[in-house]
Amino acid sequence: MVDVLLGLQWGDEGKGKIVDYFAPKYDIIARFQGGPNAGHTLYVNGQKMVLHQIPSGIFHQHIINIIGNGVVLDPVTLKRECDAVAAYGIDVRKNLFISQRTNLIVPTHRALDKASELQKGDAKIGSTLKGIGPAYMDKTGRNALRVGDILSPSFDAQYKELRTKHQTLLNNFNFTEDISAAEQEFFDAIEFLRTLNIINCEYFINKSLAEGKKVLAEGAQGSMLDIDFGTFPFVTSSNTISAGVCTGLGVSPKQINEVLGVTKAYCTRVGGGPFPTELNDATGEELRRIGSEFGATTGRPRRCGWIDLVALKFACMINGVTQLIMTKADVLDSFETLNVCTAYKINGQEHTEVPFQMSGVDIDPVWKSFSGWKIDSTSIKDAGSLPETMTTYIDFINKYVGAPVKYVSNGPGREQIVAI
Ligand code: GDP
Ligand code: IMO
Ligand code: MG
C-alpha cells in the first residue's frame, strides 16, 4: 500500500514537518520527483533541519528512505546533506537507498539554468537555479546520465560527451563562467555516491509492497507548480501530482491508497508567475512576518496572500485528495478578518475553474470573509478545543473543495498538530 503526501499550492506547505510526523506509521518514505529545488523543514531534537533531496523520514533510523527514479539528483548537494544528517548520528548507509534510474544533475545543468534565466530577463521563471529544468530536459531529450551509470567504467567518457553538448548550448547563451571548481566538487561527490546503496528500486519497492510494507511517497513542490497542470510556464519541470508517484517510483496506480494533500491556511508562492490572491499590502507583509515566509532553499521572501479555493479545489481534483492537512493555522491567530477566494473574476465574469492561461491575465479574486479566532492556538492538542471561528473556517473549505480537513497543524514542532 502506498500513501501519497503532497503539496496542493505553490510549494512550502509544510510537507517536511507532516512527513516527519507520519513517518513512524510507514516502513518506507520515498521521494518520487523534484530535486534540490525542494527545501523541507523539520525539527530534530528541537533543532531546525532543512532537507533538499533526502526524504523527510531519514531521522528515523529504522525507516527506509528512497530517492526514486523520478528525482533529479545533485550528488554535491546530496553529499552535503548526508554529512549534515550524520551529525545527528544517522548512518545513511543503513537507511538511504537510491534508484539506479535516478537522473543526475551535473554542474553544466546549473550553468544552463542560470544562462536560461538571464536570457529571459524580466520574464524569468524565478528558478532556484539548481539545474532542475535542464536536467529534466536531458531526461526527456534522452541524453541524461543516471545514477547507475556511475558504476560503469565508461562514466567519465559519458560525462565528457554530455559536457561537450552542454558547452555548445552555453556558447549559444554567451555564458562564460568558469565551472572547473564545481566539476571537481562533482567528481568528489560521485566518488561518495558510489559508496551509498544504489538499488533496483522498482523491484525493491514492489517486493516490499508484496510483503505488506507501507510506503509513503513524499511530494516536493506543489500541484500549482506541476509541469502539466500548474501555472505554466511558471512551474517546475516534473509532475508534482499524485500521478507522478507511479512513474517516479515504478508502482502501479492500483497500489495508491490515501492521497494526503497539504495546504497552508493561507497561501504563498516564491519565484515569478501568477498568484491571484497575493496581497501586496500590510496584510501580506504581516503574513510573511508571522509565518516567517522566507524560502528554505534560496532564502527569498515568499509572496503571501489569502487561501485560493479555486486553485485548491482544482488541486484536490487532479490529485484525488482523500484527506486535507491544513498547516500554519496558528499564523492566522492574530488576524481580525480572514478572506478566502471563492471565484476568479476575469473581464467582469466569475469563474470557478482554473483557466488554461493565468499569466498576463487580470484576475480579481471574489472574497468571502470570516472572523478570525484571535487566540493563541499553538498549544491546542485536541479538536474539541479548537475555537468555533476556526472550525467554521475549516468547514467552509471542506465543503468548497470536497475533501475533508483531517489535521490542523498549529506550529512548526512535531507535536503541534491536531487530528480532527
Ligand atoms: P515544505 O517545503 O512543504 O516542506 O515546507 P517548508 O519547510 O519549505 O516551509 C514550511 C515552513 O513552515 C517551515 O519553516 C516549517 O518549519 C514551518 N511550519 C510547518 N508547519 C507549521 C505550522 O503549522 N505552523 C507554523 N507556524 N510553522 C509551520
Ligand atoms: P518545496 O518542495 C516552493 C519554484 C521556484 C520557481 C519554480 C521553478 O520546498 O515545496 P525550479 O528550481 O524548479 O526550476 O523553479 O518553482 N519552486 C519552489 N517553490 N517550494 C519548492 O519546493 C520549490 N521548488 C521550486 O521558486 O518559481
Ligand atoms: Mg520548501
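This is a predicted model, so every value here is computed, not measured.

Chemist: Honestly, the overall build of the protein in this entry has me stumped. Any pointers?
Modeler: Along the backbone of the protein there are 12 helices and 20 strands. Against the 2.2 N^0.38 benchmark of 22 Å for 420 residues, the protein shows a C-alpha radius of gyration of 21 Å, consistent with a compact globule. Across its three principal axes, the protein shows a C-alpha extent of roughly 65 × 50 × 40 Å. Within the protein, the fraction of its 420 residues that count as buried is 56%. Residue pairs in contact within the protein that sit at least 24 positions apart in sequence constitute 77% of those at least 6 positions apart. Averaging the locations of the 42 positively and 46 negatively charged side chains of the protein gives two centres separated by 3 Å.

Chemist: How should the coordination of the magnesium ion (ligand 3) be read in this particular structure?
Modeler: In an ideal tetrahedron of four donors about a metal, each angle is 109.5 degrees. In an ideal octahedron of six donors, the angles are 90 or 180 degrees. For the magnesium ion (ligand 3), the protein coordination sphere consists of Asp 12 (OD) and Gly 39 (O), at 2.1 to 2.2 Å. Note that Asp 12 is positioned in the loop between strand E1 (2-7) and helix H1 (15-22) and Gly 39 in the loop between strand E2 (28-31) and strand E3 (40-44), a separation of 27 residues in sequence. Neither Asp 12 nor Gly 39 differs from the other in exposure class; each is buried.

Chemist: Just to check I follow, could you spell out the nonpolar core for this structure?
Modeler: Here is a general trend for soluble globular proteins: nonpolar side chains tend to be buried in one another's company. Core analysis: the largest hydrophobic core is formed by 69 residues, its most contacted members being Leu 332 and Tyr 393. It is helix H11 (residues 309-319) that contributes the most residues to this core, eight residues altogether. Formed by 33 residues, the second largest nonpolar core is a distinct cluster that contains Met 49, Leu 96, Tyr 159 and Phe 186.

Chemist: Can you help me understand the site of ligand 1 in this one?
Modeler: Inspection of the region around ligand 1 gives 19 residues, with Lys 15, Gly 39, Thr 41, Asp 330 and Ser 409 positioned closest. Here Asp 12 contributes a side-chain N or O atom positioned 2.9 Å from an oxygen atom of ligand 1. The backbone of Gly 14 places a nitrogen or oxygen atom 2.8 Å from an oxygen atom of ligand 1. For ligand 1, whose free accessible area comes to 580 Å², the fraction covered by protein is 93%. Looking at the shell around ligand 1, the elements that each hand over two or more residues are H1 and E3. Class assignment for the residues of the shell around ligand 1 results in four nonpolar, eight polar and seven charged.

Basis of the calculations
- Residues numbered from 1 in each chain as written.
- Chains lettered and ligands numbered in written order.
- Predicted model: local features only at pLDDT ≥ 70, side-chain atom pairs only at ≥ 80, totals over all residues.
- Heavy atoms only, no water.
- Helix = DSSP H or I, 4+ residues; strand = E, 2+ residues; numbered from the N terminus.
- Rg over C-alpha atoms; globule rule 2.2 N^0.38 Å.
- Buried < 20%, exposed > 50% of the residue type's maximum accessible area, 1.4 Å probe, protein only.
- Contact = heavy atoms within 4.5 Å.
- Lys, Arg positive; Asp, Glu negative; His and termini not counted.
- Charge placed at Lys NZ, Arg CZ, Asp CG, Glu CD.
- Donors = N, O, S within 2.8 Å, 3.2 Å for Na, K, Ca; no water.
- Core = buried A, V, L, I, M, F, W, Y, C linked by side-chain atoms within 4.5 Å.
- Near = heavy atom within 4 Å.
- Polar contact = N/O pair within 3.5 Å; in protein donor to acceptor, adjacent residues only side chain to side chain.
- Areas by Shrake-Rupley, 256 points an atom, 1.4 Å probe, with all protein chains shown as cover.
- Nonpolar A, V, L, I, M, F, W, Y, C, P; charged D, E, K, R; others polar.

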